[in-house]
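# A closer look at the structure
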Amino acid sequence: MKGKSLVSIDQCSKGDILRILENAGKFEENPNRTLLEGKVAATLFFEPSTRTRLSFETAVNRLGGRVIGFQDASTTSSSKGETLKDTILMVSNYADLIIMRHYLEGAARYASEVTDVPVINAGDGANQHPSQTLLDLYSIQKTQGQLTDLTITIVGDLKYGRTVHSLIVGMSHFNPTFHFIAPEELRMPDEQKNLCDKLGINYTEHTVFTEDIINQSDILYMTRVQRERFTDLEEYERVKNIYILKNDMLKGSRDNLRILHPLPRVNEIAYDVDDNPKAYFIQQAHNGLFTRQAIICEVLGITELI
Ligand code: CP
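First things first, this report covers the structure right here in the doc. Quick caveat, the model's predicted, so the values are computed rather than measured.

The peptide bond linking L263 to P264 adopts the cis configuration, its omega dihedral lying at 5°. Within the secondary structure layout, P264 lies in the loop between β9 (258-260) and α10 (281-299). Phi is positive for D149, which is not a glycine, with a value near 60°. The phi torsion at L263 lies on the positive side, around 65°, for a residue other than glycine. One can find L263 in the loop between β9 and α10. Residue L263 is classed as buried on the basis of its relative accessible area, which comes to 17%.

The following block contains the structure:
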């Protein structure tokens, strides 16, 4: 993967993943290094973001680079009809690295095909969010001491959840057991289930969120029902509050259980969970800084992390 774009977690071998996580650990020890001196990164966000954009920009700043870009595409010439191709070609004139979030699935791959500048996919529609997966894996390894043989329960919007789709692929190297909890309308797509079948990964689908499943889990990965992906808002209203994790549901859970969420949350984790030591979603987002520093160095081919 060195010196290339990161558009999908499928590109990462098990070795790539383990190297990036090891390097993320080094950045956690010392995030302030001058590895990007003289380099410019462009953050192009065609969809809203808090964590992904700010942690990428912090990552570049702490590595001594500079950031250009936009967080609101309506202020750019794309609002005048400029194509994505021309936007990417223009930004390639100015930047050494492009970090892009786009509402269209496949937009990051397309961008990577029209430029020689490395592109990092910061989320493309309901498709992929590979940097989120790498920070999720870093968080899982850090809290569990390992990535292998874990039981991971994923709850909520499994149909549109790009973080979920990437997580299945990323964890597939490490012999997981999955529980997928979703309403009928938001079940895990066949693509991800077929991958599990092909690789012999155990998974069980549920529509009811029970303490029994929580008690079997090492990781409980909660997700938001994503209003912005629904074409039928009545359907969204029907399912939006279907699963809410409350603190008293955790009383029989394993000591090592950690609760992750890519965030933002809406209602799916009650605030009484926040003080439970098993709640890890705020630290998880913090880990995004170190993981994204490692990803930036990986795609730019920087191997000496001095
Ligand atoms: N997890 C995540 O992608 O968060 P943001 O939408 O705030 O970037």
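Applying the stated criterion across every chain yields a total of 17 salt bridges. For R53, the salt bridge goes to E57, with nearest N and O atoms at 3.2 Å. Here the residue R53 and the residue E57 both occupy positions in helix α2 (residues 51-62), the gap between them amounting to four residues, near one helical turn. Notably, a salt bridge pairs R187 with E205, separated by 3.0 Å at the nearest N-O pair. Residue R187 is found in the loop between β6 (177-181) and α7 (190-199), and its partner E205 is found in strand β7 (residues 202-206); the two are separated by 18 residues along the sequence.

In this structure, the largest pocket encloses a volume near 430 Å³. Lining the largest pocket are 21 residues, with R101, R162, R224, L263 and P264 sitting closest to its centre. Elements with a minimum of two residues in the lining of the largest pocket: α2 and α6 (162-171). Looking at the lining of the largest pocket residue by residue, the class counts come to four nonpolar, ten polar and seven charged. Counting only domains with at least three residues in the lining of the largest pocket, you end up with domain 1 (9-129 + 288-299) and domain 2 (130-285). If you trace the second largest pocket, you find 19 residues lining it, with D10, Q128, V169, E191 and Q192 closest to the centre. Looking at the lining of the second largest pocket, the elements with two or more residues in it are α6 and α7. The dominant element in the lining of the second largest pocket, judged by the number of residues it contributes, is α7, at four residues. Taken together, the residues of the lining of the second largest pocket break down into eight nonpolar, seven polar and four charged.

Take the state of the cysteines next. The full count for this structure, using the stated rule, is zero disulfides. Not part of a disulfide, C12 finds its nearest cysteine sulfur in C297, a span of 15 Å. Assessed through its relative accessible area of 3%, C12 is described here as buried. Free cysteine: C196, not disulfide-bonded; nearest cysteine sulfur from C12 at 18 Å. Judged by relative accessible area, which is 0%, C196 ranks as buried.

I140, I154, M171 and F178 are the most contacted members of the largest nonpolar core, which has 54 residues in total. Looking at which element gives the most residues to this core, the answer is α10, with seven residues. Mapped onto the domain boundaries, this core takes at least three residues apiece from domain 1 (9-129 + 288-299) and domain 2 (130-285). Beyond its immediate sequence surroundings of up to four residues, I154 is in contact with V164, L167, I168, F178, H179, F180, I181 and Y221. Core analysis: the next-biggest nonpolar cluster, separate from the first, contains 18 residues, V155, L257, I259 and A279 among them.

So, on to the site of the ligand. Near the ligand you find S49, T50, R51, T52, R101, H129, Q132, P262 and L263, and these make up its full shell. Within the backbone of P262, one N or O atom sits 2.7 Å away from a nitrogen atom of the ligand. When the ligand sits alone it has 250 Å² of accessible area, and the protein chains cover 91% of it. Judged by its atoms lying within 2 Å of the grid points, the ligand is housed in the largest pocket. Taken together, the residues of the shell around the ligand break down into two nonpolar, five polar and two charged. Residue assignment places the shell around the ligand across two domains, with domain 1 (9-129 + 288-299) and domain 2 (130-285) each supplying three or more.

Let us look at the side chain of H165. Relative to the assigned elements, H165 resides in helix α6. For H165, a relative accessible area of 4% puts it in the buried group. A distance of 2.8 Å separates a polar atom in the side chain of H165 from the backbone oxygen of L158. With sequence-adjacent residues up to four places away left out, H165 is seen in contact with A126, N127, L158, K159, Y160, M188, P189 and Q192.

Inspection of helix α3 (residues 84-92) places L84, T87, I88, V91 and S92 among the buried residues, and these make up the whole buried set. Taken around the axis of α3, the buried residues stretch over an arc of 135°, which confines them to a single face. Where α3 is buried, its residues touch β1 (40-45), β3 (97-102) and α4 (107-114).

Parameters at a glance
Residues numbered from 1 in each chain as written. Predicted model: local features only at pLDDT ≥ 70, side-chain atom pairs only at ≥ 80, totals over all residues. Heavy atoms only, no water. Helix = DSSP H or I, 4+ residues; strand = E, 2+ residues; numbered from the N terminus. Buried < 20%, exposed > 50% of the residue type's maximum accessible area, 1.4 Å probe, protein only. Salt bridge = Lys/Arg side-chain N within 4 Å of Asp/Glu carboxyl O. 1 Å grid on protein atoms, 1.4 Å probe; cavity = no way out; pocket = protein on both sides within 12 Å on 5 of 7 lines; lining within 4 Å. Points joined across faces, edges and corners; volume = space filled by probe spheres on them. Nonpolar A, V, L, I, M, F, W, Y, C, P; charged D, E, K, R; others polar. Domains from an automatic or database assignment. Disulfide = S-S within 2.5 Å. Core = buried A, V, L, I, M, F, W, Y, C linked by side-chain atoms within 4.5 Å. Contact = heavy atoms within 4.5 Å. Near = heavy atom within 4 Å. Polar contact = N/O pair within 3.5 Å; in protein donor to acceptor, adjacent residues only side chain to side chain. Areas by Shrake-Rupley, 256 points an atom, 1.4 Å probe, with all protein chains shown as cover. Sits in = over half its atoms within 2 Å of the grid points. Arc of directions from axis to C-beta.

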